[in-house]
Amino acid sequence: STLTPAQTTGTQTFLYVVTAVAPCPNDTAVVKIKYHQLPTAVLQPVAPFCVGTSAQMDVNFTGNGPFTLTYRENGLPTTVNGMVQGDQITITPPATTTTYQVASITDSNTPACTNNATSQIIVNQFTPPKVTVDSVQCNSLNTQYRAFLTFSGGDATSYELNGVNVAGNKHTSTYINSGTQYNFS
């Protein structure tokens, strides 16, 4: 017989009836089947990655741990046993764009459930940010000046100057008194 579960987790009870041929009596059996939720794992960077330095990725699990996680870095597998919610994996981001992918996650149920569904993070490496002073313009009395800057490299969607987001890759400072150094970070 084929059993079709009505649910995907929990316990389901089936009554199996065997119809006998006379003179034998019919027989019944109760079968309880426990279903476990497939485990999942999602990778999440803890902080921005910098080329050549160690970085942490949280692994957010669902299911019954501890877990065995296999993840791939540009297709090369690494397996970590005994992981629990809150654990992290340590990677060293390379100098090129790299894909980190959950290849499989196995839980601690008996028998163990394995989910080969994947989640992934693509780490894009950017060249270091650079600021170029294109020109400096003095006012008509030469008592003030302003600087015209161009940003390049880095993540162009997140340029900041002195803690303020910069729209695009160009910035013109406010007028600064002559003789005063223009400092920015």
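First things first, this report covers the structure right here in the doc. (Residues numbered from 1 in each chain as written. Predicted model: local features only at pLDDT ≥ 70, side-chain atom pairs only at ≥ 80, totals over all residues. Heavy atoms only, no water.)

1. Some details on the layout of surface pockets
Condition: Whether a set of points on the 1 Å grid over the protein atoms alone is a cavity depends on a 1.4 Å probe fitting there but being unable to get out, while an open set qualifies as a pocket with protein on both sides within 12 Å along at least five of seven lines; lining residues are those with an atom within 4 Å of a point. Grid points are joined across faces, edges and corners, and a volume is the space filled by probe spheres set on the points. Strands here are runs of E lasting at least two residues and helices are runs of H or I lasting at least four, both read from the DSSP assignment and numbered beginning at the N terminus. Basically, the charged four are Asp, Glu, Lys and Arg, the nonpolar ten are Ala, Val, Leu, Ile, Met, Phe, Trp, Tyr, Cys and Pro, and anything else, Gly included, counts as polar.
In this structure, the largest pocket encloses a volume near 310 Å³. Along its surface, the largest pocket is lined by 15 residues, and Pro-129, Gly-154, Asp-155, Ser-158 and Tyr-159 are the ones closest to its centre. Of all the secondary structure elements, the ones that give two or more residues to the lining of the largest pocket are strand 11 (130-138) and strand 13 (160-161). Taken together, the residues of the lining of the largest pocket break down into 8 nonpolar, 4 polar and 3 charged.

2. A word on the environment of Val-166
What counts, and what does not: Contact between two residues is taken to exist if any of their heavy atoms lie within 4.5 Å; hydrogens are not considered.
Relative to the assigned elements, Val-166 resides in the loop between strand 14 (164-165) and strand 15 (170-172). Along the chain, Val-166 and Ala-156 lie 10 residues apart, while their C-alpha atoms are 9.4 Å from each other. The contacts of Val-166, once residues within four sequence positions are left out, are Phe-151, Tyr-159, Glu-160, Leu-161 and His-171.

3. Points about the side chain of Thr-150
Cut-off, in case you're wondering: Polar contacts, as counted here, are pairs of nitrogen or oxygen atoms within 3.5 Å of one another; within protein the pair requires one atom able to donate a hydrogen and one able to accept it, and residues that are adjacent in sequence qualify only if both atoms are side-chain atoms.
Position of Thr-150 relative to the elements: it lies in strand 12 (residues 144-152). Looking at Thr-150, its side chain comes within polar contact range of the side chain of Asp-134, at 2.2 Å. When near neighbours in sequence (up to four residues on either side) are disregarded, Thr-150 contacts Lys-130, Val-131, Thr-132, Asp-134, Asn-169 and Lys-170.

4. So, the nonpolar core
In plain terms, the rule: Side-chain atoms within 4.5 Å are what join buried Ala, Val, Leu, Ile, Met, Phe, Trp, Tyr and Cys residues into a set we call a nonpolar core. Relative accessibility thresholds used throughout: buried, under 20% of the residue-type maximum; exposed, over 50%; partly exposed, between the two (1.4 Å probe, protein chains only).
Among the nonpolar cores identified, the biggest contains 18 residues, and Ala-41, Leu-43, Met-57, Val-59, Phe-61, Leu-69 and Ile-89 are the most heavily contacted of them. Of all the secondary structure elements, the ones that give two or more residues to this core are strand 3 (40-45), strand 4 (55-62), strand 5 (67-73), strand 7 (88-91), strand 8 (98-106) and strand 10 (120-123). Ranked by residues supplied to this core, first place goes to strand 4 with 4 residues. Leu-69 has contacts with Ala-41, Val-59, Thr-78, Thr-79, Val-80, Met-83, Ile-89, Val-102, Ser-104 and Ile-105, leaving out every residue within four places of it along the chain.

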